[in-house]
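Chain and residue survey
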Amino acid sequence: QNQKLNQKKHLSSLISHNPHNIIMEKPPPLQQWRSLLHKEHAGKTDMTSIISQAQERISSKTSDPQAADFDEAKLLFAQGIACARSGDLETGAVQISSAYLLDGRSIKFVSKLADDIGSASIEKNYVLDGKLLTDMLQNESPTSFSCDILHIMLAAFLGSTPGHGQELIAVAMVRIDTLVTCIQKNQEIEDPSKHILGGCLTRKALLYQKSSLQMGLGDFKNGMRSLTNALKIDEFYTQARESRACIWGSKHLRSDKTVHAEWKRVISENHVDNRGNEVAYAFLILTTLSDSSLGTVGDARAWYDKMIAAIVRKDEIYGKRRQDELPPAVLSAQSKLNDYDGDLNIWDSIAGIERITVREKNRQACLKCGVAETVEGKRLKQCIKCKAVYYCSRECQVADWKEHKKLCKILKKGHDEQKK
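The following paragraphs examine the structure supplied in this document. (Residues numbered from 1 in each chain as written. Predicted model: local features only at pLDDT ≥ 70, side-chain atom pairs only at ≥ 80, totals over all residues. Heavy atoms only, no water.)

Regarding the overall build of the chain
Defined as follows: Secondary structure elements are taken from DSSP: a helix is a run of H or I of four residues or more, a strand is a run of E of two residues or more, and numbering for both begins at the N terminus. The contact criterion used is simple: two residues touch if any of their non-hydrogen atoms lie within 4.5 Å. Values of accessible area rely on a 1.4 Å probe in the Shrake-Rupley scheme; residue burial ignores everything except the protein chains shown.
Within the chain one finds 17 helices and four strands. Once local pairs closer than 6 in sequence are excluded, the contacts in the chain between residues at least 24 apart make up 62%. Here the chain displays about 21300 Å² of accessible surface, and carbon together with sulfur accounts for 50% of that area.

Spelled out as structure tokens, the structure:
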């Protein structure tokens, strides 16, 4: 009881010294997040999908370091859940907070487990529910940074909740400021060899988290400042550069030339399979079409082809998405390019690229039937229009034309522009 009382006083103290001038409401923070975490939310969690994603090893499909981090974060998260559910709340908190800092997408959170999930159910090993998070927050150790990160994570999950979401964000931002100050005084904390929270507790990572919370409040000015400060610490922290460029472009806070140059730098720093490349190419399309000094319509079409290839590759690595799951920038780029070339359809383009991607795994295979040579043993023939795909016979080409013709036109334009 004394411990809980001290925690209430501690959280209330943080709120009372809140420098962000956010209006707070009752109930007290501890009671407030406990009630929110145990609240039943609408919608059913797809546990089968969550378990499948947790068990899949993404890094076997690509050499992208981000994929390796994602796999490591998923493993840390699963280990943390297992520790916490077995009663070792402190170790569980350390592993889960490390996973969140390494790659926040590894965290699968539900406010309340479904009633039909029993204590021995495998599903409990793959999700963090409100009750378990409450237990870890109440078990806060004065010698560990993990609960600070759990509060940041809590704000990210529930910061948009009406009534008390802002209070959660305020608490999280105060904790971020405290951690940043602490690291500035003792920079050994962010030394990877010290293995503090897996070597992931750094000022740049904390500032990145702070920017997300600030923008969640609509405070884009200070959100941009936090990202810029993160880049001052590490100019190659591409994650922050990408987020800043996205806000610059979507909110029209910088010129098209500045946004264009920033996204070109992001592309140059990213791995070819980076999951953010599709958005980078989308903004390159938008800025090219908005400012003729940045390129021609043909250049925009070339960026479009790369965007489609990035979408297909991301789906190959991380799983197929629905149409409503594509980033808004991608859909905006297609819409704007359609003003110049009205017959573009992103789903036709994706389908066409997917078929070519399968063919490229066996170079110069017939796009229709997959054979590597004609029945006479001769080499395959190119499509004379796009010069990008191959067929073993006239019959296969005619049979495939309905599928290929829309993408053929796009590829032909790109080929013609390259010749010019």
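Some details on the environment of Ile149
Mapping Ile149 onto the fold places it in helix H7 (residues 146-158). Between the C-alpha atoms of Ile149 and Ile96, which are 53 residues apart in sequence, the distance is 9.1 Å. Ile149 has contacts with Ser97, Tyr100, Leu101, Leu179, Leu197, Leu201 and Leu206, leaving out every residue within four places of it along the chain.

Regarding the pattern of salt bridges
Basically, it comes down to this: Any Lys or Arg side-chain nitrogen found within 4 Å of a carboxyl oxygen on Asp or Glu counts as a salt bridge.
Under the definition given, this model contains 20 salt bridges. Notably, a salt bridge pairs Glu269 with Arg265, separated by 2.6 Å at the nearest N-O pair. Within this pair, Glu269 and its partner Arg265 are both found in helix H12 (residues 256-269), separated by four residues, close to a single helical turn. Across the pair Arg313 and Glu316 runs a salt bridge whose closest N-O atoms are separated by 3.0 Å. With Arg313 and Glu316 both in helix H14 (residues 297-318) and three residues apart, the pair spans about one turn of that helix. Connected via shared salt-bridge partners are Glu278, Lys314, Asp315 and Arg321.

Some details on the packing of aromatic side chains
Aromatic ring pairs are reported here in terms of the distance separating the ring centres and the angle at which the planes meet. Quick reminder of the rule: The rule is short: rings of Phe, Tyr and Trp, with Trp giving its six-membered ring, pair when the centres are within 6.5 Å, and they are stacked under 30 degrees, edge-to-face over 60, tilted in between. Residue exposure (1.4 Å probe, protein chains only): buried if accessible area is under 20% of the type maximum, exposed if over 50%, otherwise partly exposed.
The tally for this structure, following the rule as stated, stands at five aromatic pairs. Judged by centre distance (4.6 Å) and plane angle (0°), the rings of Phe109 and Phe157 are stacked. One end of the pair, Phe109, is in strand S1 (residues 109-110); the other, Phe157, is in helix H7, and 48 residues separate them in sequence. Overall, Phe109 belongs to the buried group, its relative accessible area being 19%. Accessibility expressed as a relative area gives 27% for Phe157, which makes it partly exposed.

Details of the nonpolar core
As a reminder of what qualifies: Definition of nonpolar core: a set of buried residues of the types Ala, Val, Leu, Ile, Met, Phe, Trp, Tyr and Cys, connected through side-chain atoms within 4.5 Å.
Leu128 and Met136 are the most contacted members of the largest nonpolar core, which totals 40 residues. Those elements giving two or more residues to this core turn out to be helix H4 (65-85), helix H5 (89-102), helix H6 (130-138), H7, helix H8 (165-185) and helix H9 (203-216). With residues near it in sequence (within four places) discarded, Leu128 still touches Phe77, Ile81, Ile96, Lys108, Phe109, Val110, Leu133, Met136 and Met153.

Quick look at the side chain of Ser98
Tracing the chain through its elements places Ser98 in helix H5. Excluding residues that lie within four positions of it along the chain, Ser98 makes contacts with Leu76, Leu197, Gly198 and Cys200.

Remarks on H7
The test is simple: Take the number of residues in a helix, subtract one, and multiply by 1.5 Å to get its expected span.
Between its first and last C-alpha, H7 extends 18 Å over 13 residues, near the 18 Å set by a 1.5 Å rise per residue. Taken together, the buried positions of H7 are occupied by Ser146, Cys147, Asp148, Ile149, Leu150, His151, Ile152, Met153, Leu154, Ala155 and Leu158.

Concerning the environment of Val297
Structurally, the position occupied by Val297 is in helix H14. When neighbours within four sequence positions are excluded, Val297 is seen to be in contact with Leu289 and Tyr340.

Looking at helix H10 (residues 220-233)
For an α-helix, the turn length of 3.6 residues means that residues three or four places apart are oriented alike. Heads up, the rule is: The directions considered for the arc are those from the helix axis to the C-beta atoms.
Taking 1.5 Å per residue, 14 residues should reach 20 Å; H10 reaches 20 Å between its end C-alpha atoms and fits that length. For H10, the set of buried residues is Gly223, Met224, Ser226, Leu227, Ala230 and Leu231. One side of H10 holds all its buried residues, which, seen down the axis, span an arc of 155°. Those residues of H10 that are exposed and aimed more than 90 degrees away from the buried face are Lys221 and Lys232. Buried residues along H10 sit against H9 and helix H11 (238-250).

Re the side chain of Arg203
Its place among the elements puts Arg203 in helix H9. Judged by its relative accessible area of 14%, Arg203 is buried. Non-local contacts of Arg203, meaning those with residues more than four positions away in its chain, are made with Val180, Ile183, Gln184, Gln187, Glu190 and Ile233.

Examining the packing of H5 against H6
So the rule is basically this: All axes are obtained by fitting lines to C-alpha atoms, using only the stretch in contact for helices, and the reported angles, taken between N-to-C directions, cover 0 to 180 degrees. Note on angle classes: values under 35 degrees are labelled roughly parallel, values over 145 roughly antiparallel, values of 65 to 115 roughly perpendicular, and the remainder oblique. Polar here means any residue other than Ala, Val, Leu, Ile, Met, Phe, Trp, Tyr, Cys and Pro, which are nonpolar, and Asp, Glu, Lys and Arg, which are charged; Gly is therefore polar.
Contact pair H5 / H6: the axes reach a minimum separation of 9 Å and the direction vectors enclose 105°. Relative to H6, H5 is oriented roughly perpendicular. Residue-level inspection shows Leu89, Gly92, Ala93 and Ile96 of H5 in contact with H6, the latter providing Leu132, Asp135 and Met136. Residues of the contact of H5 with H6, tallied by class, amount to five nonpolar, one polar and one charged.

Honestly, that's just the spatial picture; any functional story needs more than this.
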